[in-house]
Amino acid sequence: MADSTGLQFVSAYAFEAMQKVDVVRLAALSDPELRLLLPCLVRMALCAPADQSQSWAQDKKLILRLLSGVEAVNSIVALLSVDFHALEQDARKEQQLRHKAGGSNGESILVSQLQHGLTLEFEHSDPLRRLRLTLSELLAIMNKVADSNGEFFLKSSELFESPVYLEEVADVLCILQAELPSLLPIVDVAEALLHVRNGDWFLCLLVANVPDSFNEVCRGLIKNGERQDEESVGGRRRTEALRQLCQMNPSQALNIRAMVVEECHLPGLGVALTLDYKPDTADEAVSPLVSYVSGLLLGTNSKVRTWFSMFIRNGQQRKRESSSVLWQMRRQLLLELVAILPRSRSTHMPNDGDTEEGSSGYSGLREEHVVKASALLRLYCALMGIAGLRPTDEEAEQLLQLMTSRPPATPAGVRFVSLSFCKLLAFPTLVSTPEQEQLMVMWLSWMIKEEEYFESAAGVSASFGEMLLLVAMYFHSNQLSSIIELVCSTLGMKIAIKPSSLSKMKTIFTQEIFTEQVVTAHAVRVAVTNNLSANITGFLPIHCIYQLLRSRAFTKHKVSIKDWIYRQLCETTTPIHTQLIPLIDAYINSILTPASKANPEATNQPITEQEILIVFQCSAGQGEGSRGGRQRYSITTQLLILYYILSYEENLLASTKQLALMQRKPKSYSAALMDQIPIKYLVTQAQGLQQELGGLHSALLRLLATNYPHLCLVEDWVCEEEVTGTLPLLRRMMLPSNTCRYTQSQLHQAFQKLPSSSPRLMRILEHLTLLSPGDLIPYAEALTASMALLLEPAVPRRILQTLSKLWMGLNTVMPRRLWVMTVNALQPSAKLLRQQRYTQNDLMVDPLIVLRCDQRVYRCPPLMDIVLHMLNGYLLASKAYLHCHLKETADFDRQTQTVSSLGVPGQPDTPEVTREELKNALLSAQDSAAVQILLEVCLPTSEEQQLGANTESLLRSIRGPMPGKLKQGSLGPRARGGMEDAEPEQGLLSDLREVQCLICCLLHQMFIADPNIAKLVHFQGYPQALLPLTVAGIPSIHICLDFIPELLAQPQLEKQIFAIQLLSYLCTQYALPKSLSVARLAISVMGTLLTVLTHAKRFSFFMPTLPCLVAFCQAFPPLYDEVAALLVQVGQVCASDVATKARDIDPLIARLQYLKEKPQEALLQGEGSSKLTLPQRTAEELGGADPDVQLCYCVEATFMDIISSTLHGL
């Protein structure tokens, strides 16, 4: 608004005095300044105040004294004497009239026909007419603004333009607004004043006379403002008016600027206010302009960023104007940039001949300017990359000078060099001439030369040397997108960089500064980062080594990187750095996969076993978590080395085929090494550090589940909760620190003196239960070596149970070594078998060694639980071992085995039996052998049978007595005698019973894990005496119903008998529809076999299977008719054979037929007795009877048992 130039505006001093009603300050104002504030002061003096205090009365007297000498006060007093109520009514009538007339300036109620011009009328008018003239003109402008739909216009008004009457018009305007606030809202008046000349001056006077309205007026003007203020005349006038208001009230300038950003209107105003802002205390680091513009472009609000970027782009399209806010901003930024440039600014040899004190021997930026220089660089990056600023030649030249200056060796200096380097990559067009290119090359060479000095002097781990190296590697591998990501990440902003723009920089890097050989040689010499963790940010040597490993630069140029990686892994701590796991993966790949097929030997060397053992020597020597001194290597290092070994072995197995084609066989780590690494302890430690280890814990679990399944048993995880849970922790917390500690020798002596030392041994063991599993490790050998002593009689059960609890605790930290020690300790004594020390490898090759222990273990439940746990683990370990062994040898020394045919002419040979099939057959044989041995253990010994231990007790205890269960060879109730009523003297609580439960639990788990084991074991068969135990004790045995039909179809008579006997127990235990259908099938098979079996086989088949029909009928009464028919048929066949031998058994056949046809009458006849009985027969009669006769009596006995069971059910 150049039209208001020369007019006196309200000063900031005067406005502050009005705001605070500081009479003393007001009295100090000059007459011209005071003249501008008269409307408010006169009203203040004349109107009745709300403040009735004495102090205000004194201030009011001072104001009156101040006004008494001013002539213009009289005219203002006259204005205030008008009837404003009538004036407001006339104004509203005129507004209605104009609204009806469509806004045309026809008749006016406020002003009658003007005889002269508006100015002359104003001069000759009385106060009322002056008020009417001004109000009419103002309302006309306000109506036009309301009808303009946002389009700007400049209203030519003689009243507001005449310099002679500006002060009088201003007085009238202020009085009108003050007296008619509802008719003339101050925000609408302010908006209207923008459309007349001198509007900003009028606006400032209006606000100065109503100082409380400052924020309201400013917010209204901003809300109604343009998004881009420099694009239009209206926008520029609005910006200038608001700028004048803020100059009048500078304390609110920053608040007004915040409103600008909030509304995303008038960007030029925000910049102008920043340029005008003069802080009370100058910030030497960053100027207000740099902070403000950087906040807009680099903030998180994308709407604000887009709005301000549009301001920059649009401003560049117009010709350069000194009055443009954008060019004022650019000029100010350039001045700030030049002000911090080094004194020596030659384009050819910058900063080489000049030395300044305090700059560590280099000419360049002063230390206090480094932070400001970094902020300026980022701001120019944002202006050019985000807002699209095109720098002038002068700006580009000065920027390049700043970027290639040499800062002092401080952390801020390192940051400045990194930013400068990334800006060069982001905007290579800044280097346009050969001289500038030479300047850049010299600066990059200086960076390479001084990188180590900067890192040591600045005391930072992440220096710009790693970034240089990384960029060089990216250029060599043509990963331009990675360079762009690196640049954007360092600058902290997303910039659109075209990969084609990096071609010049690529040439300079790859041909002049960093050849690939120089890169690899330099990378190995870079020192590792001490205590590397995720807390160290920036670009580190590990990033460079990782990229070189991925590009195979080390193997290509035959540079060994193994030592560097090993040193870096040893210098790690938590929280783990995100680049470590990818580094290990890339390193393993470079070991196993050659860089090219032409040179298969071009691989890196693996870490040696000696180096690995050094890392674990404390853990392997004294035991994990021991208190024998501080560990040399951190848990992070040990976990990373463990991850390396496991991942290396897995990748080696996966690559055997490719390695065989290349005739390469990298060395695998020995089993002896793996035995010395406390894998389970380390994984347990990692579980408690999951948040600090990132994805390392889950990666280790995946590798363990694949290669060491015996360390991932579900029971172990559950047991760990019991050992490491809340209750054990509380118990350990309650353990006094001065508690007596027992030594291993004391524990050993207590074991040797059993049973007399039982109380002392119990005290020692109870104390050990309070220790953590890690603290138990030194006692492991003493505990396991004395296990055999606990098998002696008279050892208290509590000692056995406590020892088992301690063993399970040790199992959570050192399972593999513990298992080997336990197996060797439980071997049979030397009298029975020469003892042999087994190794971990022996037990994985043959897991059944675990069961070749002292026979007394089989009747010691706590120790048997340990043996079963080890057996389960070694069976899984054996599977993993054979799988690995198969993959290791499959492609290097393949040996096929072929099964020849039976020699039938013309029949082709059977297909090759694959190694995989042989392995599976071995594993199945192994599992089934373990199951069969365990089932044999469940059989009572002869001594236990004499004591009355009965294997059927478990079954009876669950489902009640089973009447009619006949053992093979029993012919009736008399043969059974009183066995059913004889309970064992010891009841159900016996060692045998407990061992049976433990074994059944393990078999249940095995059958669930692999149902084929259940099928294989039952096809092999086992003693019929164990059927009640297995059916009742193994819940998953119901799966046998699926393959019993297949078992019945086997040609061997023994398998058919076993199938029917098994089915009889299953039907009683699981009375399901499926059991009914299988039972029907079994009855049908028995009927079929009756017609085809020979005389001898008929006897051997039906004698053990006929009693099973009782269970069928008991479980499924609908089968009674089929069973009765079968029994009669068997009886008739046998009777016919007997008839040929002239034996009289017709009465027997008649009884069978009677029982079949009239079972109810038989029941009624037996109501008087609890059990039906057959006529008693002497032993000589039964013993001398031929097989057919015995079978006939067996049929009769089965009939009677069925009837008896029915009667028992009633």
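Above this text you will find the structure in question.
Computed from a predicted structure; not experimentally measured.

Visitor: I keep staring at a nonpolar patch on the surface and nothing clicks. Help me out?
Guide: Judged by side-chain polarity, Phe152, Leu154 and Val233 come together as a nonpolar surface patch covering roughly 230 Å² of accessible area. With respect to the helices and strands, valine 233 occurs in helix α15 (residues 233–248). Overall, valine 233 belongs to the partly exposed group, its relative accessible area being 47%.

Visitor: What am I meant to see in the nonpolar core here?
Guide: When a protein is soluble and globular, its nonpolar side chains tend to lie buried together. Counting residues in each nonpolar core, the largest one holds 378 residues, and the members touching the most others are Leu245 and Tyr644. In terms of residue count, helix α21 (residues 370–385) provides more of this core than any other element does, 11 residues in total.

Visitor: What am I meant to see in the pattern of salt bridges here?
Guide: A side chain of one charge can pair with a side chain of the opposite charge if their charged atoms are brought near each other. Per the counting criterion, the structure on display carries 29 salt bridges. Notably, a salt bridge pairs glutamate 263 with arginine 219, separated by 3.9 Å at the nearest N-O pair. Of the two residues, glutamate 263 is situated in helix α16 (residues 253–263) and arginine 219 in helix α14 (residues 214–223); the sequence distance between them amounts to 44 residues. The salt bridge involving glutamate 650 is made with arginine 702; its shortest N-O contact spans 3.2 Å. Of this pair, glutamate 650 sits in helix α34 (residues 635–654) while arginine 702 sits in helix α39 (residues 696–707), and the two are 52 residues apart along the sequence. What makes arginine 702 partly exposed here is its relative accessible area of 42%. Salt bridges here are not isolated pairs; linked through shared partners, they connect Glu16, Lys20, Asp22 and Arg25.

Visitor: Explain unusual backbone geometry here, please?
Guide: Most peptide bonds adopt trans geometry, and most residues besides glycine take a negative phi value. Here the residue pair threonine 574 and proline 575 is connected by a cis peptide bond, since its omega of -5 degrees sits within 30 degrees of zero. Mapped onto the elements, proline 575 comes out in the loop between α31 (562–570) and α32 (580–592). Look at asparagine 198: it is not a glycine, yet its phi comes out positive at around 60 degrees. Within the secondary structure, asparagine 198 sits in the loop between α12 (186–193) and α13 (199–209). Taking the relative accessible area as the measure of exposure, asparagine 198 reaches 6% and is therefore buried.

Visitor: I would appreciate a short explanation of the packing of helix α9 (residues 127–147) against α12 in the present structure.
Guide: For any two helices packed against each other, one specifies the inter-axial angle together with the distance between the axes. One can describe the packing of α9 onto α12 by two numbers: an axis separation of 9 Å at closest approach and a directional angle of 85 degrees. Between α9 and α12, the angle falls in the class roughly perpendicular. Counting all contacts with α9, which are made through Leu138, Ile141, Met142 and Val145, the residues of α12 involved are Asp188, Val189, Glu191 and Ala192. Residue classes in the contact of α9 with α12 are distributed as six nonpolar, no polar and two charged.

Definitions and cut-offs
- Residues numbered from 1 in each chain as written.
- Predicted model: local features only at pLDDT ≥ 70, side-chain atom pairs only at ≥ 80, totals over all residues.
- Heavy atoms only, no water.
- Patch = residues over 30% accessible without salt bridge, like charges linked within 9 Å, V, L, I, M, F, W, Y side chains within 5 Å.
- Areas by Shrake-Rupley, 256 points an atom, 1.4 Å probe, with all protein chains shown as cover.
- Salt bridge = Lys/Arg side-chain N within 4 Å of Asp/Glu carboxyl O.
- Helix = DSSP H or I, 4+ residues; strand = E, 2+ residues; numbered from the N terminus.
- Buried < 20%, exposed > 50% of the residue type's maximum accessible area, 1.4 Å probe, protein only.
- Core = buried A, V, L, I, M, F, W, Y, C linked by side-chain atoms within 4.5 Å.
- Axes fitted to C-alpha atoms, helices over the stretch in contact; angles between N-to-C directions.
- Parallel < 35°, antiparallel > 145°, perpendicular 65-115°, else oblique.
- Contact = heavy atoms within 4.5 Å.
- Nonpolar A, V, L, I, M, F, W, Y, C, P; charged D, E, K, R; others polar.

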